Each structure stands twice: as C-alpha cells, then as structure tokens.
Amino acid sequence: MKIVVTGGLGFIGSHTVVELQNKGFEVVIVDNCSNSSEKVLEGITAITGTSPTFEKFDLREKTKVQDFFKRHADITGVIHFAASKAVGESVQNPLLYYENNLNVLIYILQELQKKTKAGFIFSSSCTVYGQADDLPITESAPIKPAESPYGNTKQIGEEIIRDTCKVAKGLDAIALRYFNPIGAHPSGHIGELPIGVPQNLVPFITQTGIGKREQLSVFGDDYPTKDGTCIRDYIHVVDLAKAHVIALQRLLDEKNEQNFEVFNIGTGTGSTVLEVIQSFEKVAGQPLNYKIVDRREGDVIAAYADTQKANNDLGWKAESTLDHAMDSAWQWEQKIN
C-alpha cells in the first residue's frame, strides 16, 4: 500500500517513515526542506534498507498538490506532518502559520475526498486543550481558546477534518493529539535536526550540553508546580512514530468506530523543565549551564496525557522512559557534532 508522508524528512515524519517501511508500506515523502534536510533520506535508507520515494515541493502551491495526487492515483492514505510548529514564532508571525497550516490541509483534503476510500492521519497537538481544567488530560476535555496561533491552527485543523469527513464518505481520519516528542532513533541514523535556534527544549539542552549554545534559558520558575517550572509530557519519538502506524492500520482495517476519531498520544507522566534538565545531567554525566528568565508568552502551566483511550481502543502504549529518551537525544547530538 502506498502512503504519503508530508513533512516526512522532519523529526517525527522521518521516524514514522522508518516504522511504515518496517511494516512493509510503500512510502512517498513530500517535503520542501524548509526545516529539514535531504540527508535524512540516507538515514532512513540505512535503517530500513529501502529508500523512500521523495518529492521536493511546497504544499502551499495548490496546483502542485493537484498534480501530485494525479500522478499518485494509487495513494491509500496520508500522514500529514507538514506544518509550522513553534509556539513562539507563531505569536510573532501568525499569518505564516495560518497560511501554512490551514491552506495545505485544505488542499490535501480536497484531493482525498475525490477518492472512493482514503485514510488520513493528522498531526495534532495537546495545545488544543490550552490550560486544561483537570490533569491528566482526557480526549473529552474541553477545547479552550488557543494560547497561540499555532495552537489555534491545530484546533481549526481538527474542525476542518471533522466537517470534511461528514460529507466525504470515503474519507476516514484520526487526529493524534500528541504531547512533547523527544529523543532519536536508537540506530543513531536519524534524530532531531533543528535549523537555526531550536524551538524545542530538548535539542536546546543537548546543544548547550555539547557547547553549541552558551546557555539554556528556562522560561519562568514561578509557576504553581513542584519546582516552579512548566510541566510537559515528554514522549520518545519512536513510540510516537509507532502510534501513527497503528492509527493508520486502524483506518485501513476499518476498525475505527466513526469516520473521525481523536487520541491523546503521550506517556501519561508529567515532567518539569528542571526534571528534564536533571535527566540530561544524569545520562550525560555533566552539569548543564542554564538560567531562569521571564515567562514566555503562550506557554501553559502544565499538560500531560490521560492515555487510557490510546492504550485500550488504539492498542498503543508508550514504552520508553524519560532517561532513555534523553540518552538517545544526547547520543544523537554527539554524533552530528
């Protein structure tokens, strides 16, 4: 079966391509390399022994999307990662996020609804919950007003998919609301490759640890948490990638209970920023240079998943510990520097 992975050279996308190929799927990657590198193809091939088909173009160009689906008429499903994802950047440049995250989604769905049968996996986020009233967060938690344009694009994106699935009878979709992916493939062939200054905590930690960055800024230590820093649910990227493959298989096997479902994908455990730093110091055997600075706009206090629905209905469960994920991230950082 032929599966398209948009943003397939990115951090989560590349690990998902590996898991898809390991399960025997034929993969076509679409990526404009705005935040990734074609060198990732070499890592994917080294792990799986198979080089995926790769097409480099910008999905914001509607005519190119239409042409792509004409040329790949035998597509069975799409896993959609191609989106801008930095909270801080979205606050500074909201129109970029609305254009890239919503227009592209619409163009892909317009093509999929023409097919008699198609599966669609949407890369959603726990940001749709905003600052949740109760922890851990279940899928039935109310969707709060978004804390950032990035979070808003995920909320709107889910609404677009839900409405489309109501009328496109051949289209079945799953939105995976995942929490904070970290780590790298145990082979050491692929991992997180941020271009420029990292937007996520863990690559900033590892880059600081190796000396590429002078110091890590911790945004606030006065939150109502056990050590004053924000709490997140950090999930190993390989666990996350496997969840996408299981979700896709659920659609292809027609095991989904309705044509649009949502699942939280996390570990179910919340860790503070300082606990993540301590985990790094433990696995790396060295102290980290960091300082406490002012809070950052758009950050919620705490977010971690209730994973019962994913565990029971999807048949998926996270396996890696925080220390294991941090160790793989550190090994990757040392390899690429």
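Structure first, text after, so check above.
Novice: What is the right way to read the pattern of salt bridges from this model?
Specialist: As a working rule, side chains carrying opposite charge can pair if their charged atoms are close by. Tallying each qualifying case throughout the model produces 18 salt bridges. Note that Glu38 and Lys56 form a salt bridge whose closest N and O atoms lie 3.5 Å from each other. Of this pair, Glu38 sits in the loop between strand E2 (26-30) and helix H2 (40-48) while Lys56 sits in the loop between strand E3 (53-55) and helix H3 (62-71); the two residues are 18 residues apart in sequence, bridging distant segments of the chain. When its relative accessible area of 40% is taken as the criterion, Glu38 is described as partly exposed. One salt bridge in this structure joins Lys282 and Asp323, with 2.7 Å as the shortest N-O distance. Linking Lys282 in helix H9 (residues 273-284) with Asp323 in helix H11 (residues 322-336), this pair joins segments that are 41 residues apart in sequence. Judged by relative accessible area, which is 60%, Lys282 ranks as exposed. Through salt bridges with shared partners, a single network forms among Glu55, Asp67 and Arg71.

Novice: Could you clarify how one ought to interpret the side chain of Thr6 in this entry?
Specialist: Relative to the elements of secondary structure, Thr6 occurs in strand E1 (residues 2-6). Of note is the side chain of Thr6, whose polar atom sits 2.6 Å from the side chain of His80. Engagement of the side chain of Thr6 in a polar contact is seen with the backbone nitrogen of Phe81, the distance being 3.0 Å.

Novice: What is the right way to look at helix H7 (residues 201-210) in this model?
Specialist: Side chains three or four residues apart in an α-helix point the same way, a direct result of the helix having 3.6 residues per turn. Among the 10 residues in H7, 9 count as buried, and that is most of the element. Within H7 the residues assigned to the buried category are Leu201, Val202, Pro203, Phe204, Ile205, Thr206, Gln207, Thr208 and Gly209. The positive-phi residue at the C-terminal boundary of H7 is Gly211, with phi of around 100 degrees.

Novice: Would you take a moment to explain the sheet that holds strand E9 (residues 231-232) for this structure?
Specialist: Strand pairing in a sheet relies on backbone hydrogen bonds. The paired strands run either parallel or antiparallel. Spatial strand order, E12-E9-E14: 3 strands in an open sheet with mixed pairing. Among the strands making up the open sheet, the edge pair consists of strand E12 (271-272) and strand E14 (302-303). Relative to E12, E9 is paired through 2 bridges, and the arrangement is antiparallel. The residue of E12 that forms the bridge with Arg232 is Ser271.

Novice: What should I look at first to understand the packing of aromatic side chains in this one?
Specialist: For the coordinates displayed, the defined rule picks out 3 aromatic pairs. Ring plane angle 45 degrees and centroid distance 5.8 Å describe the contact between Phe57 and Phe68, whose orientation is recorded as tilted. Of this pair, Phe57 sits in the loop between E3 and H3 while Phe68 is found in helix H3, placing the two residues 11 residues apart along the sequence. Taken as a pair, Phe57 and Phe68 share a single burial class, namely buried. Among the aromatic side chains, those forming a connected cluster through ring pairs are Phe57, Phe68 and Phe69.

The rules behind the values
Residues numbered from 1 in each chain as written. Predicted model: local features only at pLDDT ≥ 70, side-chain atom pairs only at ≥ 80, totals over all residues. Heavy atoms only, no water. Salt bridge = Lys/Arg side-chain N within 4 Å of Asp/Glu carboxyl O. Helix = DSSP H or I, 4+ residues; strand = E, 2+ residues; numbered from the N terminus. Buried < 20%, exposed > 50% of the residue type's maximum accessible area, 1.4 Å probe, protein only. Polar contact = N/O pair within 3.5 Å; in protein donor to acceptor, adjacent residues only side chain to side chain. Pairing = 2+ DSSP bridges. Phe/Tyr/Trp six-rings, centres within 6.5 Å; stacked < 30°, edge-to-face > 60°.

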